[in-house]
Amino acid sequence: MKIGVIGSGLMGAKIGTIWARAGHAVTFSYSRNPSKLERLAREAGGKVGTPAEAAQADVILLSVHWSRIDDVLEQVGDLDGKVVINCCVPLNLDNTNLVVGTDSSGAEVLHERRPDARWVSAFNTSPSEVLFEVFEGRKSRSPRPQLIYYGDDEWAKKVARQLISDVGYEPLDTGPLRSARFVEPFAMVTAELAYSQPGGPELVYRFDRL
């Protein structure tokens, strides 16, 4: 697939690099440091583009801080028909609280802003520190760790399943886009476990039935 990564911080950089290593054509975009972005693309085997250029790909990964959403949407324009994998959590500036919740979610706000895009959410419940290890163990680890994804568009969910599997996770469908009302707070739980509790951020999860 041709994949555009919008937001090249810890999550976007690592997921994009993994997808490039898995054989996809990846364009990295949206960084405060152009030289760092160039180095990332070179080391990953991808290329650099503007957000608008990245948004021309078959699939878009949206991975920016919530405070940058308005700027990104302005730069990319319409996203009609594009599969957009959203891994954003609607956090305040110091990343301590959700700014959308209870009767809506960040995922639903994005859908309202660009209703003609094919939205699916994934990767927002995984610490970035574990991504390369999951990828490296994808052929030997059984069962694989799970990764939650959710959305209303079945084609977007099919694409997300493939790309989640490429990273090394077992995709776990948690329903429609409104599931974000519950998953985004769960992302705060995984962050608490990864960064504030003993054991370190190399955190994965599975839900099993007895």
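Residues numbered from 1 in each chain as written. Predicted model: local features only at pLDDT ≥ 70, side-chain atom pairs only at ≥ 80, totals over all residues. Heavy atoms only, no water.

Colleague: Sorry, what's going on with the overall build of the protein chain here?
Modeller: Along the protein chain, the regular secondary structure elements total eight helices and eight strands. A compact globule built from 210 residues would reach a C-alpha radius of gyration of about 17 Å, and the protein chain, at 16 Å, matches this within 12%. In the protein chain, which comprises 210 residues, the proportion classed as buried is 51%. When the accessible surface of the protein chain is split by element, carbon and sulfur atoms take 49% of a total near 10,300 Å². Distance between charge centroids for the protein chain: 6 Å, based on 24 positive and 27 negative side chains. (Helix = DSSP H or I, 4+ residues; strand = E, 2+ residues; numbered from the N terminus. Rg over C-alpha atoms; globule rule 2.2 N^0.38 Å. Buried < 20%, exposed > 50% of the residue type's maximum accessible area, 1.4 Å probe, protein only. Areas by Shrake-Rupley, 256 points an atom, 1.4 Å probe, with all protein chains shown as cover. Lys, Arg positive; Asp, Glu negative; His and termini not counted. Charge placed at Lys NZ, Arg CZ, Asp CG, Glu CD.)

Colleague: Looking at this model, I keep getting lost on the pattern of salt bridges. Mind explaining?
Modeller: A pair can form between side chains of opposite charge whenever their charged atoms are brought close. Applying the stated rule across the entire model yields seven salt bridges. Of the charged contacts, one joins Arg113 and Asp70 as a salt bridge, the two residues approaching to 2.8 Å between their closest N and O atoms. Taken together, the positions of Arg113 in helix 5 (residues 106–113) and Asp70 in helix 4 (residues 69–76) put the pair 43 residues apart, joining distant regions of the chain. Relative accessible area serves as the criterion here: at 36%, Arg113 is assigned to the partly exposed category. Salt-bridge contacts for Glu108 lead to Arg181; the nearest nitrogen and oxygen are separated by 2.9 Å. A residue pair is termed long-range when its members are at least 10 positions apart, and Glu108 in helix 5 and Arg181 in helix 8 (residues 180–195) qualify at 73 residues. (Salt bridge = Lys/Arg side-chain N within 4 Å of Asp/Glu carboxyl O.)

Colleague: How do you make sense of the sheet that holds strand 5 (residues 83–86) when you look at a structure like this?
Modeller: Backbone hydrogen bonds are what pair the strands of a sheet, in a parallel or an antiparallel way. The mixed open sheet is built from eight strands, whose spatial order is 3-2-1-4-5-6-7-8. Lying at the two open borders of the sheet, with one neighbouring strand each, are strand 3 (47–48) and strand 8 (170–173). Summarising the sheet, strand 1 (residues 2–6) and strand 4 (residues 59–62) pair through four bridges and their orientation is parallel. Directly across from Ile6, in strand 4, lies its bridge partner Leu62. Lying on the sheet, helix 7 (residues 154–167) is in contact with strand 1, strand 4, strand 5, strand 6 (118–122), strand 7 (146–150) and strand 8; it crosses strand 6 at an angle near 35°. (Pairing = 2+ DSSP bridges. Contact = heavy atoms within 4.5 Å. Axes fitted to C-alpha atoms, helices over the stretch in contact; angles between N-to-C directions.)

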